[in-house]
Amino acid sequence: MPYQFKLDPVVLPPESEDLRCEVREFLDQHLTAASPVERCRTWFGFDPQFSRKLGERGWIGMTWPKRYGGHERPASDRYVVIEEMLAAGAPVAAHWIADRQSGPVLLEYGTDTAREIFLPGMAKGEIFFCIGMSEPQAGSDLAAIQTSAVRSDGGWIVNGSKLWTTGVMEAHQMIALVRTSPAGVSRHDGLSQLIIDLSTAGVSRRPIRDHQGEEHFGEVHLQDVFVSDAMVVGELGNGWAQVNAELAYERSGPERYLSSYRVFEELAASARGGEDVVLTVAIGEMMARLWALRQMSLSVADGVARGMNPVVEAAIVKDLGATLEQDMPMLAQIYANQPLACPSSLNAMTDYLLRFSPIFSLRGGTREILRGIIAREMGLR
Ligand SMILES: Cc1cc2nc3c(=O)[nH]c(=O)nc-3n(C[C@H](O)[C@H](O)[C@H](O)COP(=O)(O)OP(=O)(O)OC[C@H]3O[C@@H](n4cnc5c(N)ncnc54)[C@H](O)[C@@H]3O)c2cc1C
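Quantities reported herein were computed from a predicted structural model and do not represent experimental measurements.

Caption draft 1: Layout of the layout of surface pockets. Reported here for the largest pocket is a volume of approximately 1,200 Å³. Forming the walls of the largest pocket are 45 residues, and the residues nearest its centre are S134, G139, R251, G364 and G365. Going through the elements one at a time, α5 (93-109), β3 (155-166), α7 (239-251), α10 (311-336) and α12 (367-377) are the ones with two or more residues in the lining of the largest pocket. Ranked by the residues each element gives to the lining of the largest pocket, the list is headed by α7, at six residues. For the lining of the largest pocket, the residue count by class is 21 nonpolar, 13 polar and 11 charged. Taken as a whole, the second largest pocket encloses approximately 790 Å³ of empty space. Taken together, 33 residues form the lining of the second largest pocket, with T63, P104, Y249, V304 and A305 sitting closest to its centre. Going through the elements one at a time, α4 (75-88), α5, α7 and α9 (277-305) are the ones with two or more residues in the lining of the second largest pocket. If you tally residues by element for the lining of the second largest pocket, the top one is α5, at eight residues. Tallied by class, the residues present in the lining of the second largest pocket amount to 20 nonpolar, six polar and seven charged. Residue contributions to the lining of the second largest pocket reach at least three from each of two domains, namely domain 1 (14-127) and domain 3 (252-377).

What follows is the structure, encoded as structure tokens:
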């Protein structure tokens, strides 16, 4: 039977569109100091004070229950806030992973203790999380992780290393995938998720500098780190299913097609007037791709909010989105040095994004891995 794509059209309700105006006003007031290039960092721009302001506004943990510091607002409101933040290039990195992923994971699988300790602080923009999946010997092949947790009195003793961990130097906690028992019939058996306090004895971390000198990720070494039972996330041994469900949050949001939006907007502004027909057509084509991806992403967000797990659809959004995000600075490159209407910042933004954009098809799962998932779920391999 052919694969049935679940990408139903979604229209945002008028209340969410009203919220959009409010968010734009807020951003106009608070983003005055950021340079055009700084704004190109989008969800890698780290500013804890900005995160705290968003927390005060009620724009973190928007859909979470009030008893955990959330605001019980519809997923469409959250989508609008995220979309506007990214389109403006707001520095959302500090709270990004907690809001997008770790908070929802704790709501779904965490113990009451963990929810009570972390969720209110996350929603205030004060507690930051990171994702500890990849390891030196296990990137794409996640089931090959070697970090292990061994039973101890009242908890677990963890040993191992995590690599490429976004935001690890600033994060307070990490949700780590670890092996709590040997692989069984499947390599996916025996994996579990634990919350590791990064200030605990035995944790050491080091930033990794990327090819343009930025240190947005790092490595963590865990030596005899104690984690209490209350910090186990979900059922022991169910880690594989949990991380796969989590990846649907990670792969389909507006951050998967808006990472280069700043340069695209600048290019479109430069081309206003339409004298350059070739450029106008190219911008129109790119806008059509952007809009189609936005509709797909909205459908996935709607599916996740309704308790579905649209893994294939999310992988498609991520793969097509990364391609679009890489094509945008490539198009800008053709025009960056030409006398367009307002090219001053276009050159710098293009230069930055051309160097930054190769990571877009690596972070969150590489292109080949995503295509493998799509092919497998469609019964093609
Ligand atoms: C900016 C950035 C941020 C990141 N943040 C985090 C984070 O916060 N937490 C975290 O846990 N990880 C994070 N990662 C890690 C990222 O998810 C991994 O880099 C990714 O899973 C690839 O792993 P690897 O680097 O070990 O490459 P490998 O797995 O060694 O892959 C190398 C190449 O081989 C290809 N390949 C591998 N296996 C196959 C296969 N079976 N079929 C076809 N091709 C294959 C890959 O597509 C890739 O091109 C981040 C990475 C980047 C670049």
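Moving on from the model shown.
Caption draft 2: Inspection of the site of the ligand at higher detail. Residues in contact with the ligand amount to 17 residues; listed here are only the nearest, S134, S140, W164, T366 and E368. Between an oxygen atom of the ligand and a side-chain N or O atom of S140, the distance comes to 2.6 Å. T166 places a polar side-chain atom, nitrogen or oxygen, 2.7 Å from a nitrogen atom of the ligand. Burial of the ligand by the protein chains amounts to 63% of its free accessible area of 970 Å².

Caption draft 3: Layout of the nonpolar core. With 107 residues, the main nonpolar core has M85 and F129 as its most contacted residues. At 11 residues, the largest contribution of residues to this core is made by α10. When sequence neighbours within four positions are dropped, the list of residues in contact with F129 reads I97, A98, S102, L106, F118, M122, A171, Q173, I175 and I195.

Caption draft 4: Spatial organisation of the domain arrangement of the protein chain. According to the domain assignment, the protein chain consists of domain 1 (14-127), domain 2 (131-237) and domain 3 (252-377). Domain 2 and domain 3 are separated by 31 Å when their C-alpha centres are compared. Listed as interface residues are five residues of domain 2 and, on the opposing side, six residues of domain 3. Each partner contributes to the roughly 520 Å² buried at the junction of domain 2 and domain 3, and carbon and sulfur atoms together form 50% of this total. Looking at the side of domain 2 facing domain 3, the largest losses of area belong to S140, H211 and Q212, adding up to 74% of the total buried there. For the interface between domain 2 and domain 3, the tally reads zero salt bridges.

Caption draft 5: Quick look at the pairing of strand β7 (residues 217-228). Where β3 and β7 come together, nine bridges link them in antiparallel fashion. Residue pairing for β7: G160 is matched across the bridge by L222.

Definitions and limits used
Residues numbered from 1 in each chain as written. Predicted model: local features only at pLDDT ≥ 70, side-chain atom pairs only at ≥ 80, totals over all residues. Heavy atoms only, no water. 1 Å grid on protein atoms, 1.4 Å probe; cavity = no way out; pocket = protein on both sides within 12 Å on 5 of 7 lines; lining within 4 Å. Points joined across faces, edges and corners; volume = space filled by probe spheres on them. Helix = DSSP H or I, 4+ residues; strand = E, 2+ residues; numbered from the N terminus. Nonpolar A, V, L, I, M, F, W, Y, C, P; charged D, E, K, R; others polar. Domains from an automatic or database assignment. Near = heavy atom within 4 Å. Polar contact = N/O pair within 3.5 Å; in protein donor to acceptor, adjacent residues only side chain to side chain. Areas by Shrake-Rupley, 256 points an atom, 1.4 Å probe, with all protein chains shown as cover. Core = buried A, V, L, I, M, F, W, Y, C linked by side-chain atoms within 4.5 Å. Buried < 20%, exposed > 50% of the residue type's maximum accessible area, 1.4 Å probe, protein only. Contact = heavy atoms within 4.5 Å. Buried area = accessible area lost by both parts, 1.4 Å probe. Salt bridge = Lys/Arg side-chain N within 4 Å of Asp/Glu carboxyl O. Pairing = 2+ DSSP bridges.

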